[in-house]
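Residue-level listing of the chains:
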Amino acid sequence: MNKKFVVNIGRQLGSGGKEIGEKLAARLGIDFYDKELITLASKESGLCREFFEKADERASQGIIGGLFGMRFPFVGDGALPTQNCLSNDALFKVQSDVIRQLASEKSCLFVGRCADYILREHPRCANIFISASHEARVARLCAMHHISEEEAENMMSKADKKRSEYYNYYSYKTWGAAATYHLCIDSSVLGIEKTRDFVEEFVKLKLKRSGVVYNLVKLKKRGHANMTSLFAKMQLVLHHCQQYHLSRQNTQEHCQRINRRIAYCRSIVTGCLVGIR
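Residues numbered from 1 in each chain as written. Predicted model: local features only at pLDDT ≥ 70, side-chain atom pairs only at ≥ 80, totals over all residues. Heavy atoms only, no water.

Enquirer: Please explain a nonpolar patch on the surface as it appears in this structure.
Expert: On the surface, Val 189, Leu 190 and Phe 198 cluster together into a nonpolar patch covering about 290 Å² of accessible area. Position of Phe 198 among the secondary structure elements: in helix 10 (residues 192-247). (Patch = residues over 30% accessible without salt bridge, like charges linked within 9 Å, V, L, I, M, F, W, Y side chains within 5 Å. Areas by Shrake-Rupley, 256 points an atom, 1.4 Å probe, with all protein chains shown as cover. Salt bridge = Lys/Arg side-chain N within 4 Å of Asp/Glu carboxyl O. Helix = DSSP H or I, 4+ residues; strand = E, 2+ residues; numbered from the N terminus.)

Encoded structure:
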């Protein structure tokens, strides 16, 4: 996998998605981005990191404007959405540009932030969603944060609501739905390490297939004009052979030779049709 690629991971809180992402990025030898995107977006825009932290994976609403009815212009013109108001939409635009820039420069793994939707046109990507059973999520959060089960369930409920609203709002897709991703997997079935191994194998197979399909698409586009021209020529040859065959009284041997040529032309024409579809 020496060509640039991206892996995008969506996850439920408590599923171990971030840990799996970190381990997978290390195994694949690529850069890992989660909260790091907030720092990069802040540097890119010249805005305070706090603005991005407040807007992180939250659906559109004015961070300050929603509280005080005020609008604040960004530094610089033209780089951000219309009206340049300090909204979650504008901050999403900045973060999206950072994600696209990183993906264009190198292979990397992104966790959350609608990266799969932002990079939907990337020719070499794998979109994964990691979930876990309710019990496993609660147990993991209790152990990580030293909290009660009730507190863990409250954290899960709030995080799921926030992430789903954010993802559904910006992507027009459904967060966590199987149809949205290339692979959905329950980490509580295999455990963190085995899930990492499973996802790694899937990613390699997916990227290998993506590379083949991408190359075929490029070849088809590159050769479309030539294939169309060849198709026209073969059709002309086929027509002439048929006309010659019908207009002349030929020996049986000569007729067989003409028929073979007609069959050969038909095979080439069929190949052309397949190639330019």
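We are not done yet, so read on.
Enquirer: I would appreciate a short explanation of the sheet that holds strand 3 (residues 108-111) in the present structure.
Expert: Through backbone hydrogen bonds, the strands of a sheet pair up, either in parallel or in antiparallel fashion. Pairing is parallel across the open sheet formed by 5 strands, whose spatial order is 2-3-1-4-5. Two strands in the sheet have a free side with no partner beyond their single neighbour: strand 2 (31-33) and strand 5 (183-186). Ignoring strand direction, the axes of neighbouring strands in this sheet form an average angle of 20 degrees. Where strand 1 (residues 6-11) lies against strand 3, 4 bridges are found, and the strand directions are parallel. Paired with Val 7 across the strands is Leu 109, a residue of strand 3. Helix 1 (residues 17-28) rests against strand 1, strand 2, strand 3 and strand 4 (125-131) of the sheet, and its axis sits at about 165 degrees to strand 1. (Pairing = 2+ DSSP bridges. Axes fitted to C-alpha atoms, helices over the stretch in contact; angles between N-to-C directions. Contact = heavy atoms within 4.5 Å.)

Enquirer: Sorry, what's going on with the pattern of salt bridges here?
Expert: Pairing between side chains becomes possible if they bear opposite charge and their charged atoms approach one another. Summed over the entire model, instances satisfying the criterion amount to 15 salt bridges. Of the charged contacts, one joins Arg 113 and Asp 34 as a salt bridge, the two residues approaching to 2.3 Å between their closest N and O atoms. Linking Arg 113 in the loop between strand 3 and helix 6 (115-118) with Asp 34 in the loop between strand 2 and helix 2 (36-45), this pair joins segments that are 79 residues apart in sequence. For the pair Arg 113 and Asp 34, one class covers both residues: buried. Arg 100 serves as the salt-bridge partner of Asp 97, at 3.2 Å between the closest nitrogen and oxygen. You can see Asp 97 and its partner Arg 100 sitting in helix 5 (residues 88-105), 3 residues apart, about one turn around the helix. Each of Glu 19, Lys 23, Arg 27, Arg 140, Glu 193, Arg 196, Asp 197, Glu 200 and Lys 204 takes part in salt bridges that share partners, so that together they form one network. (Buried < 20%, exposed > 50% of the residue type's maximum accessible area, 1.4 Å probe, protein only.)

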